[in-house]
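Chain by chain, the residues run as shown.
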Amino acid sequence: MSAAPISPTTSLVFDAVAEVASIAESYARNAVGFALVRDARGAAYSLNCAAKALASAASTAQALRPAQQDGGGQ
C-alpha cells in the first residue's frame, strides 16, 4: 500500500515539524543530563526550551490539518 503523494509545500511543513521536534528532543536529553548531575537551573532551562520547541512543532503541524469545509464555524 503506497501513501498518497503530497505537495512540495506539505513536504516542507513535515520537514519543519521534524526539525523542531528534533530540537525539542535535544533539549529534553540535556534536561535529563542536568537532572542526573543535580543541576536544577540547567534542567529547568532545558525543559523550558524543550517545551517551547514542542509548542512550535505543534503549531507548525497545524498547517497539515485539512481545511474546514463547513465555512469555518467550528
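Above this text is the structure in question.
Bear in mind the structure is a predicted one, so any value in this text is a computation, not a measurement.

As for helix 2 (residues 40-61)
Thought 1: The end-to-end C-alpha distance of helix 2, which contains 22 residues, comes to 31 Å, matching closely the 32 Å that a straight helix rising 1.5 Å per residue would cover.
Thought 2: All of the buried residues in helix 2 are Gly42, Ala43, Ser46, Cys49, Ala50, Ala53 and Ala57. Buried residues along helix 2 cover an arc of 135 degrees about the axis, so they all sit on one side. In helix 2, the exposed positions angled more than 90 degrees off the buried face are occupied by Ala40, Arg41, Tyr45, Leu47, Lys52 and Ser59.

Quick word on the pattern of salt bridges
Thought 1: If you walk through the whole model with that rule in mind, you get 1 salt bridge.
Thought 2: Note that Arg29 is salt-bridged to Glu25, the shortest N-O span being 2.9 Å. Of this pair, Arg29 and Glu25 both sit in helix 1 (residues 8-36), 4 residues apart, which is roughly one turn of that helix.

Observations regarding unusual backbone geometry
Thought 1: The phi angle at Arg38 is positive, at roughly 65 degrees, despite the residue not being glycine.
Thought 2: Among the residues examined, Arg38 registers a relative accessible area of 68% and is labelled exposed.

Comments concerning the side chain of Ser46
Thought 1: Note on placement: Ser46 falls in helix 2.
Thought 2: On the basis of relative accessible area, Ser46 is assigned to the buried category, the value being 2%.
Thought 3: Each residue touching Ser46, except ones within four places of it in the same chain, is listed here: Tyr27, Asn30, Ala31 and Phe34.

Cut-offs applied
Residues numbered from 1 in each chain as written. Predicted model: local features only at pLDDT ≥ 70, side-chain atom pairs only at ≥ 80, totals over all residues. Heavy atoms only, no water. Helix = DSSP H or I, 4+ residues; strand = E, 2+ residues; numbered from the N terminus. Expected span 1.5 Å × (residues − 1). Buried < 20%, exposed > 50% of the residue type's maximum accessible area, 1.4 Å probe, protein only. Arc of directions from axis to C-beta. Salt bridge = Lys/Arg side-chain N within 4 Å of Asp/Glu carboxyl O. Contact = heavy atoms within 4.5 Å.

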